[in-house]
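Close look at the chain arrangement
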Amino acid sequence: MQGKIIKGIAGFYYVDIVESGLYECKARGVFRKEKMKPLVGDEVEIEVLDETEKTGNITQVLPRKNELIRPAVANIDQALVVFAVTDPKPHYNLLDRFLVMMERKEIPVVLCFNKQDLSEEKELQELEAVYRPCGYPVIFTSAREQENIEQVKELLRGKTTTIAGPSGVGKSSLINLLQPDVRMETGSISKKIARGKHTTRHSELILVEKGTYIIDTPGFSSLYVNDFEKEELKAYFPEFLPFEGQCRFNGCSHVHEPGCAVKEAVENGKIHPIRYQDYVEMYRELQEKKRY
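To continue, consider the side chain of E123. Along the chain, E123 turns up in helix α3 (residues 121–131). On the basis of relative accessible area, E123 is assigned to the buried category, the value being 19%. Separated by 2.7 Å, the side chain of E123 and the backbone nitrogen of E120 make a polar contact. In this structure E123 touches V85, T86 and K89, once residues within four positions along its chain are discounted.

As structure tokens, then:
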């Protein structure tokens, strides 16, 4: 029987088989031997152990279209990345690391900034100025006031979308509005450290409507972009691409060389300095990693 993993928790995988229902499965030992772990979103084949109890074993994971390790999901069409406009303020460097990760996997991203009801117009304008020139769709929402929720639903329609972002930005509240049948536990912001409690403990695929799935993923607070060469990094900043080939030196890193078209574009306001600073920080991290 073939189906899709919709939830994985504590070594159990819940596989949805069309017209047969949900089966609780374990992964066979062969996966551990091959160091391969089934992921939420995987299309799998299972053998049924008990039809009454609906239990089984996963025998095969079918080829993946794509996969992410953090959040751990497979076969997604796009990522909806949720940050708050304020309370907590966006951590640009963390967001840019996530965007690099998605660019590497060639997964389209929609940026959703929640809590617009708590923000001022200049904060919205700043976020648009940083990310619209990169080509990312930007949408502002308020889960509390239920603003622009229909617009988000339209962006999700007919796709499997992973919803990711740091804790405390209202991600669970948004998901509750997108699919009211799902009652997610919502956490409150910790006043002391202005950071949300981790309320999502496992990845889960949720059916919104026929053909439309969302995958809620655990909140993240840090991402390390260090599993590739520093020379690759510039390809993952889409706003750099128009200036490639215009630098004085071939293979310009856009960090320390004179006559760099990208640095000139930053000075002329064509590339946002926040994005460029984050690029330089990641580049130096990758450079440092190579030394050791």
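Looking now at the nonpolar core. I58, L111, F113 and Y131 are the most contacted members of the largest nonpolar core, which totals 44 residues. Top element by residues in this core is helix α2 (residues 92–105). It accounts for six residues. Apart from the residues lying within four places of it in its own chain, the contact partners of L111 are V81, L95, L99, Y131, Y136, P137, V138 and I139. Among the nonpolar cores identified, the runner-up in size contains 23 residues, and C252, C260, A265 and I271 belong to it.

Throughout the structure, instances matching the rule amount to nine aromatic pairs. Each ring, one from Y279 and one from Y283, has its centre 6.1 Å from the other, and the planes form 40 degrees; the classification is tilted. Linking Y279 with Y283, this pair stays in helix α7 (residues 273–291), spanning four residues, or about one helical turn. The exposure classification of Y279 matches that of Y283, with both residues buried. Through a chain of ring-to-ring contacts, three or more aromatic side chains come together here, namely F237, F240, Y276, Y279 and Y283. The cationic tip of K7 hangs over the ring face of Y14; the distance from NZ or CZ to the ring centre is 5.5 Å. Geometry around F12 places K26 over its ring, the cationic atom sitting 4.6 Å from the centre.

Helix α5 (residues 171–178) packs onto helix α4 (residues 149–156) with a crossing angle of 80 degrees between their chain directions and a minimal axis gap of 10 Å. The angle between α4 and α5 places the two elements in the roughly perpendicular class. Facing α4, whose interface residues are I149, V152, K153 and L156, α5 presents L174, L177 and L178. Its residues assigned to classes, the contact of α4 with α5 shows six nonpolar, no polar and one charged.

Conventions adopted
- Starting afresh in each chain, residues are numbered from 1 along the sequence in its written order.
- Reporting of local features is limited, given that this is a predicted model, to residues whose pLDDT is at least 70; pairs of side-chain atoms are given and counted only at 80 or more, and all residues count toward the totals for whole chains, interfaces and linings.
- The side-chain quantities take in all heavy atoms of the structure and omit both hydrogens and water.
- A run of DSSP states H or I qualifies as a helix once it reaches four residues; a run of E qualifies as a strand once it reaches two. Both are numbered from the N-terminal end.
- Only protein chains enter the calculation, and the probe is 1.4 Å; a residue is then buried if its accessible area is under 20% of its type maximum, exposed if over 50%, and partly exposed in between.
- Polar contacts, as used here, are pairs of N or O atoms within 3.5 Å; protein pairs need one atom able to donate a hydrogen and one able to accept it. Residues neighboring in sequence count only if both atoms are side-chain atoms.
- Whether two residues are in contact is decided by their heavy atoms: any pair within 4.5 Å suffices.
- Only buried residues count toward a nonpolar core, which is a set of Ala, Val, Leu, Ile, Met, Phe, Trp, Tyr and Cys residues joined through side-chain atoms within 4.5 Å.
- What counts as a ring pair is set by centres within 6.5 Å for rings of Phe, Tyr and Trp (its six-membered ring), and what kind of pair is set by the plane angle: stacked under 30 degrees, edge-to-face over 60, tilted for all other angles.
- Placement of a positive charge over a ring is assigned whenever Lys NZ or Arg CZ falls within 6 Å of the ring centre and within 35 degrees of the normal to the ring plane.
- Every axis in this analysis is a line fitted to C-alpha atoms, fitted for helices over the stretch in contact. Angles between the N-to-C directions lie between 0 and 180 degrees.
- What sets the label is the angle itself: under 35 degrees gives roughly parallel, over 145 gives roughly antiparallel, 65 to 115 gives roughly perpendicular, and the rest give oblique.
- Residue polarity follows a fixed list, in which Ala, Val, Leu, Ile, Met, Phe, Trp, Tyr, Cys and Pro are nonpolar, Asp, Glu, Lys and Arg are charged, and the others, Gly among them, are polar.

Keep in mind that these numbers describe shape and distance, not what the molecule does.
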